[in-house]
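# Fold and geometry: a report
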Amino acid sequence: MTTATPQAPAPAIGFFERYLSVWVALCIVVGILLGQAAPGVFQAIGHLELARVNLPVGVLIWVMIIPMLLKIDFSALGQVKAHVRGIGVTLFINWAVKPLSMALLAWIFVRQVFAPWLPAEQLDSYVAGLILLAAAPCTAMVFVWSQLCKGDPYFTLSQVALNDAIMVVAFAPIVALLLGLSSITVPWDTLLTSVGLYIVVPVVIAQAWRQRLLSRGTAHLQAVAARLGPFSIAALLLTLVLLFAFQGQAILAQPLVIALLAVPILIQVVLNSGLAYWLNRRMGVQHCVAGPSALIGASNFFELAVAAAISLFGFQSGAALATVVGVLIEVPVMLAVVAVVNRSRAWYERGLAQV
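## Details of the nonpolar core
Counting 126 residues, the largest nonpolar core has W145 and F171 as its most contacted members. Filtering out sequence-adjacent residues up to four positions away, F171 remains in contact with L132, A135, A136, I166, V195, I199, L304 and A308.

## A closer look at a nonpolar patch on the surface
A surface patch of nonpolar side chains, about 260 Å² in accessible area, is lined by Y19, V22 and L26. Considering the arrangement of structural elements, one finds Y19 in the loop between helix 1 (15-18) and helix 2 (20-37).

## Brief notes about helix 13 (residues 302-313)
Between the first and last C-alpha of helix 13 there are 16 Å, a value that for twelve residues agrees with the 16 Å anticipated at 1.5 Å per step. Within helix 13, eleven of the twelve residues are buried, leaving the element largely enclosed by the surrounding structure. Those residues of helix 13 lying buried are F302, E303, L304, A305, V306, A307, A308, A309, I310, S311 and L312. Directly beyond the C-terminal end of helix 13, a positive phi value near 100° is found at G314.

## Regarding the confidence of the model for the chain
On average, residues of the chain carry a pLDDT of 83, and 92% of them reach 70 or more. A low-confidence stretch, residues 1-11 (pLDDT under 50), is modelled with 30 contacts involving residues beyond four sequence positions or located in other chains.

## Here we look at unusual backbone geometry
The phi torsion at K150 lies on the positive side, around 60°, for a residue other than glycine. For K150, the location among the structural elements is in the loop between helix 7 (141-148) and helix 8 (153-181). Note on K150: relative accessible area 60%, which makes it exposed.

Cut-off values and rules
In this numbering scheme, every chain counts its residues from 1 along its sequence in written order. At least 70 in pLDDT is required for a residue's local features to be given in this predicted model, at least 80 for side-chain atom pairs to be given and counted, and no such filter applies to totals for whole chains, interfaces and linings, which use all residues. The side-chain quantities take in all heavy atoms of the structure and omit both hydrogens and water. Here, nonpolar core refers to any group of buried Ala, Val, Leu, Ile, Met, Phe, Trp, Tyr and Cys residues whose side-chain atoms link them within 4.5 Å. The rule is simple: take the accessible area with a 1.4 Å probe, protein chains only, and divide by the maximum for that residue type; under 20% is buried, over 50% is exposed, in between is partly exposed. Here, residues are in contact when the closest pair of their heavy atoms is within 4.5 Å. Candidate patch residues must exceed 30% relative accessible area and have no salt bridge, after which like charges are joined if within 9 Å and Val, Leu, Ile, Met, Phe, Trp or Tyr side chains if within 5 Å. Per-residue and other accessible areas follow the Shrake-Rupley method at a 1.4 Å probe size, with only the shown protein chains counted as cover for residues. When a carboxyl oxygen of Asp or Glu lies within 4 Å of a side-chain nitrogen of Lys or Arg, that pair is called a salt bridge. Strands are runs of DSSP state E lasting at least 2 residues, helices are runs of H or I lasting at least 4, and numbering of each runs from the N terminus. Multiplying 1.5 Å by the helix residue count minus one yields the expected span of that helix. A residue's pLDDT is simply how confident the predictor is in it, with values from 0 to 100.

Following this line, the structure appears as structure tokens:
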């Protein structure tokens, strides 16, 4: 069997990625200030739509997502059988536990516990945004998390490739099911359009581009992917500036909203990463697989969530704001999970001896 060469990023987390939460916080401030200073400009941008898809945001999302998908080698699916237990655990967490647990946590916190402090007209929208955030596993940053916890690169690559293949067909049905269970009307035409625009088309473009780059060697592919990384982050940050330019008035009126929405996201990360780590230990999976399994199980494809939320519910929706809270806390929370995984290695491996 031919062994796929894993495409990993640089050994350490990049400067932009390490301080992503800082950049997001700055985008909040800049977006709010610009929105207050020039509301007409941003209203005009908001009306640049085709088939309910905002064209400037659509371009930014492609710039954001395609460089990430460029790293995915679908030939790595041949490695799945070598890590069947770890992959089974991660699939269970990603596609069963995480979406359902987030829907439950959103109902508990948004509709019950925090409802008195949240705008009543946005409760459904906040729930929808949290569901969108949990419905797709992370595609790119998990390579960094895996490397930081000394994860098996072949497992990470094959798991991400499998998740991306599943996401093409499963994202829309899972979102529709959970929105329906939450009594939120599902705009099927917009949902399917979002899946096509932000999953199917970018995957096709990225894989075609990947093959062209590989024809000049793996080193050339890695060099191009590295050069594109800052453009991807910049597109994300510009999208957030636009979003907060629209959300500014609501945030200034109720600044507590962001902190409240962070609570179910944080609980979900702890729940999913801990459950995945424990299940792998119970099943006798090596630590180099259990670490990235826990991290993939906990992280989200927040770029897709932001894009889908804006397409389905609009710039000014609570759904868009909820997905951005996920971006805000992603890096510090995942670095904390990496630290726990690394420091608990001796405990984990003692358990393997008993399996």
